[in-house]
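Analysis of the macromolecular model
Okay, here's what each chain looks like letter by letter:
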Amino acid sequence: MPHIDAEIASQPHCWNRAAALAATRPDGLPRPGERVAVAGCGTSLYMAQAYAALREGAGLGETDAFPASEFPTGRRYDRVVALTRSGTTTEVLTLLARLGGTVPTLALTADPDTPVATAANHLVVLDFADERSVVQTRFATTALTFLRATLGLHTAGIEADARRALAEDLAPALLKCAQFTFLGQGWTVGLAHEAALKMREAARAWTESYPAMEYRHGPISIAAPTTATWSLGPAPQGLDEDVAATGALWIAGTLDPLAELVRVQRLAAALATSLGLDPDEPRNLTRSVVLAED
């Protein structure tokens, strides 16, 4: 069995541990009213986007999210949070080095025995959510769960939704689709981008992702009987009818959006297996992007 299957299945347990850790209020967490930036690469960037929208939406202060390589020079922040599963990602380490001594920094990682441990002022270690698969699943969702919990936005019901996402059968029609589009609103836009990435990484699927209200402005032209459009969280009124009229398969997110992402992870792994692919070792990918020095 691929490692990714066991890692996906362990998420409710990991989320519970992350919420318990958040309750201890580790040093370095953003404080109410601070202007905060969150940075990451790939999957970590999409979790950063989700957290930024949640924090700002909760009225706790302006919160921006950036790819670590695109962090704006000269913009003032009270604190910077970096997400890196491996603790070795070049762009994240470069950013933390550039910020050193100018702004407090906090890093979330799965491996404390890596350069990020000394690059950031504060460290939150989620080693219980580390993974053997190259494709991130449980570390990403556990990091976001930890951050959601620090905002008071995690409940036992979310973990129950994740268990339901693991227990229920996937719609058989999904495995027959040739193209997948994922939609979100607010904080779930980041989850939609992550859902599309999981399908590309694990199953080499043709996937797209958009803010839900933007879907009508061009992307819906791709919808057809061979495609699926999946909403992570509530969808804008009438969008389900618009998609149904194209003949595409409409999937309404009925669980907590993070639990809905678990369903997508399962689909990505199942589709990869059905195609004879190894979801643990995707083509052209490694666990961490470490760039050679010039």
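Residue numbering note: each chain is counted from 1, following its sequence as written. For a predicted model such as this one, the threshold for reporting local features is a pLDDT of at least 70, and the threshold for listing and counting side-chain atom pairs is 80 or more; totals across whole chains, interfaces and linings nevertheless cover every residue. As a convention, hydrogens and water are excluded, and side-chain values are obtained from all of the structure's heavy atoms.

Quick look at the sheet that holds strand 5 (residues 122–125) now. Note on pairing: DSSP must find at least two bridges between two strands before they are called paired. Strands here mean DSSP runs of E at least two residues long; helices mean DSSP runs of H or I at least four residues long; both are numbered from the N terminus. An order of 2-1-3-4-5 is seen for the five strands of this open sheet, with the pairing classed as parallel. In this open sheet, the two strands that pair with only one neighbour each are strand 2 (63–67) and strand 5. Going from strand to strand, the sheet's axes swing by 20° on average, the running direction of each strand aside. The sheet strands contacting helix 4 (residues 90–99) are strand 1 (36–40), strand 3 (79–83) and strand 4 (105–109), and the helix crosses strand 3 at an angle near 160°. Here helix 6 (residues 138–150) sits on the sheet and contacts strand 3, strand 4 and strand 5; the angle it forms with strand 4, its principal contact strand, is near 140°. All axes here are fitted lines through C-alpha atoms, helices being fitted over the stretch that makes contact, and every angle between N-to-C directions spans 0 to 180 degrees. For this analysis, residues touch if any pair of their heavy atoms sits within 4.5 Å.

We now examine the packing of aromatic side chains. Two descriptors summarise a pair of aromatic rings, namely the distance from one centre to the other and the angle between the planes of the rings. Paired rings are identified among Phe, Tyr and Trp, the last through its six-membered ring, by centres lying within 6.5 Å, and are further divided according to the angle between planes into stacked (under 30 degrees), edge-to-face (over 60) and tilted (the rest). Evaluated as defined, the whole model comprises five aromatic pairs. Where Phe-66 meets Phe-71, the ring centres are 5.4 Å apart and the plane angle is 65°; that geometry is what we call edge-to-face. We note that Phe-66, like Phe-71, is buried. Taking the centre distance of 5.8 Å and the plane angle of 40° together, the rings of Phe-182 and Trp-230 count as tilted. You can see Phe-182 sitting in strand 6 (residues 179–184) and its partner Trp-230 sitting in strand 8 (residues 227–231), a full 48 residues away along the chain. Buried residues are those whose accessible area, probed at 1.4 Å on protein chains only, stays under 20% of the maximum for their type, while exposed residues exceed 50% and partly exposed ones sit between those limits. A residue is classified by how much of its surface remains accessible, and Trp-230, at 2% relative accessible area, is buried.

Bringing the pattern of salt bridges into the picture now. Salt-bridge detection follows one rule: a side-chain nitrogen of Lys or Arg within 4 Å of a carboxyl oxygen of Asp or Glu. Counted according to the given criterion, the structure contains eleven salt bridges. Notably, a salt bridge pairs Glu-131 with Arg-85, separated by 2.6 Å at the nearest N-O pair. Taken as a pair, Glu-131 in the loop between strand 5 and helix 6 and Arg-85 in the loop between strand 3 and helix 4 lie far apart in primary sequence, 46 residues in all. With relative accessibility at 6%, the residue Glu-131 sits in the buried group. Given a relative accessible area of 3%, Arg-85 falls into the buried group. The salt bridge partner of Glu-201 is Lys-198, with a shortest N-O separation of 3.2 Å. Residue Glu-201 and its partner Lys-198 are both found in helix 8 (residues 188–203); the two are separated by three residues, about one turn of the helix.

Purely spatial values, then, with no claim about function.
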